[in-house]
Every structure is written in C-alpha cells, then in structure tokens.
Amino acid sequence: MFQLRYNEGGLDKVHQLTPGVTVVGRLPACNLVISDISVSRKHASLRLDDSGRLFLQDTGSRFGTFRNGQQVLIEEVPLAPTDTLKFGEVTLTLEQNVSEKELLTENHEVAEGPGTIVR
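Thresholds applied
- By convention here, each chain's residues receive numbers from 1 onward along its written sequence.
- Only residues with pLDDT of at least 70 get local features here, since the model is predicted, and only at 80 or more are side-chain atom pairs given and counted; chain-wide, interface and lining totals rely on the full set of residues.
- Side-chain numbers come from the whole structure's heavy atoms, not from hydrogens or water.
- Pairing between strands requires that DSSP locate at least two bridges from one strand to the other.
- A run of DSSP states H or I qualifies as a helix once it reaches four residues; a run of E qualifies as a strand once it reaches two. Both are numbered from the N-terminal end.
- Comment: axis = line fitted to C-alpha atoms, over the contacting stretch for helices; angle = value between 0 and 180 degrees taken between N-to-C directions.
- Definition used for salt bridges: Asp or Glu carboxyl oxygen within 4 Å of a side-chain nitrogen of Lys or Arg.
- Under the scheme applied here, a residue whose accessible area is under 20% of the maximum for its type counts as buried, over 50% as exposed, and between as partly exposed, the area being computed with a 1.4 Å probe on protein chains only.
- In this description, a nonpolar core means a group of buried Ala, Val, Leu, Ile, Met, Phe, Trp, Tyr and Cys residues linked to one another through side-chain atoms lying within 4.5 Å.
- Whether two residues are in contact is decided by their heavy atoms: any pair within 4.5 Å suffices.

What follows concerns the sheet that holds strand β10 (residues 84–87). The strand order across the open sheet formed by six strands is β2-β1-β11-β10-β7-β8, and the pairing between neighbours is antiparallel. The open sheet has two edge strands with one neighbour each: β2 (11–16) and β8 (70–72). Direction aside, the axes of adjacent strands within the sheet are offset by 30 degrees on average. As paired elements, strand β1 (residues 2–8) and strand β11 (residues 90–96) share five bridges and run antiparallel to each other.

All told, the structure shown has five salt bridges when counted by the stated rule. Among the ionic pairs, E76 bridges to R47, the shortest N-O distance being 2.8 Å. With E76 in the loop between β8 and β9 (77–79) and R47 in strand β5 (residues 44–48), this residue pair connects regions lying 29 residues apart in the sequence. For R47, a relative accessible area of 28% puts it in the partly exposed group.

What follows concerns the nonpolar core. Of all hydrophobic cores here, the largest spans 21 residues; its most connected members are I34, L46, L56, F87 and L92. For this core, the secondary-structure elements that each account for two or more residues are β1, β5, β6 (54–58), β9, β10 and β11. In this structure L92 touches L4, R5, Y6, L32, I34, D83, T84, L85 and F87, once residues within four positions along its chain are discounted.

Take the environment of G60 next. Relative to the helices and strands, G60 is located in the loop between β6 and β7 (65–67). Look at G60 and you get exposed, because its relative accessible area is 54%. Taking the C-alpha atoms as reference, G60 lies 7.3 Å from I74; in sequence the two are 14 residues apart. Here G60 is in contact with H43 and I74, once residues within four sequence places are set aside.

Let us now look at the pairing of β6. Among the five residues that make up β6, four are buried, leaving the element largely enclosed by the rest of the structure. Across five bridges, β5 lies against β6 in antiparallel orientation. Considered in β6, the bridge of L48 is made with L54. In this structure, the hairpin formed by β5 and β6 is closed by a connection of five residues, where G52 is found at a positive phi of approximately 90 degrees. With three bridges connecting them, β6 and β9 associate as antiparallel partners. Directly across from F55, in β9, lies its bridge partner P78.

Structurally, V23 can be placed in strand β3 (residues 20–25). Since its relative accessible area comes to 24%, V23 is described here as partly exposed. For the pair V23 and R41, spaced 18 residues apart in the sequence, the C-alpha separation amounts to 9.9 Å. The contact partners of V23, leaving out residues within four places of it in the chain, are C30, N31, L32, K42, A44 and S45.

Another point: the sheet that holds strand β4 (residues 32–33). One open sheet accounts for five strands, arranged β4-β3-β5-β6-β9; its pairing is mixed. Both outer strands of the open sheet, β4 and β9, are each paired with one neighbouring strand and no more.

This is the structure we're talking about:
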C-alpha cells in the first residue's frame, strides 16, 4: 500500500492511496485536499493500477508538479517508493507499506530498488 507523507500548516499528515485515480488539489471534491494557495484547484492526479504500479500526471496546474525535482508535464510518469513529489510549494514523500504478514512469508523475491518486494 502506498501513502503520501507531508506537512500542511505545521501539521504532519499522511494520505493512504487506494486503487484507481486520486485527484490532488484545493477543491473539497478532490480525493487529497491540500489547502495551500500554491496548489491549484485540480492540481494533479495519481493513478494506482491493478498491478500495483503508481503513476503521476499534472492536470494543468499553475505552479507545477514535480517528481524528484523534475517537472512533470501532461504525460504520466511512473513513481517509486521514496520519490519526493511537489505540488506547488507543498512537498510530499511517497512511502510504501508492506504488511508484516507479507514480509514474514518465504514467498517473495527482493528486487534491486529499496523497499520493493516482488512476489
């Protein structure tokens, strides 16, 4: 399971990502509401597909969407655990939580990237 960790107004926050599309923005109708003036009403979208891959796309934001310091334009870009995302002036860190049950099974292989477990 992926989650985004960030600070908003001096408060540490965590948002759990669910399969499908997560819309990020200032509007109350967004799945992840970030109340910062540098974040557009509908700033970006995150898509978690059925195979567990996560993608980021800017939706025409005014102050930009960034992954690890590189601007994300209209095309979707793949994300990985520990990526740093920036929506306007708000910085978020992507984390991947693996349940203890999955970690303790013998039915997995360790891939090259940090924090990545492949079944």
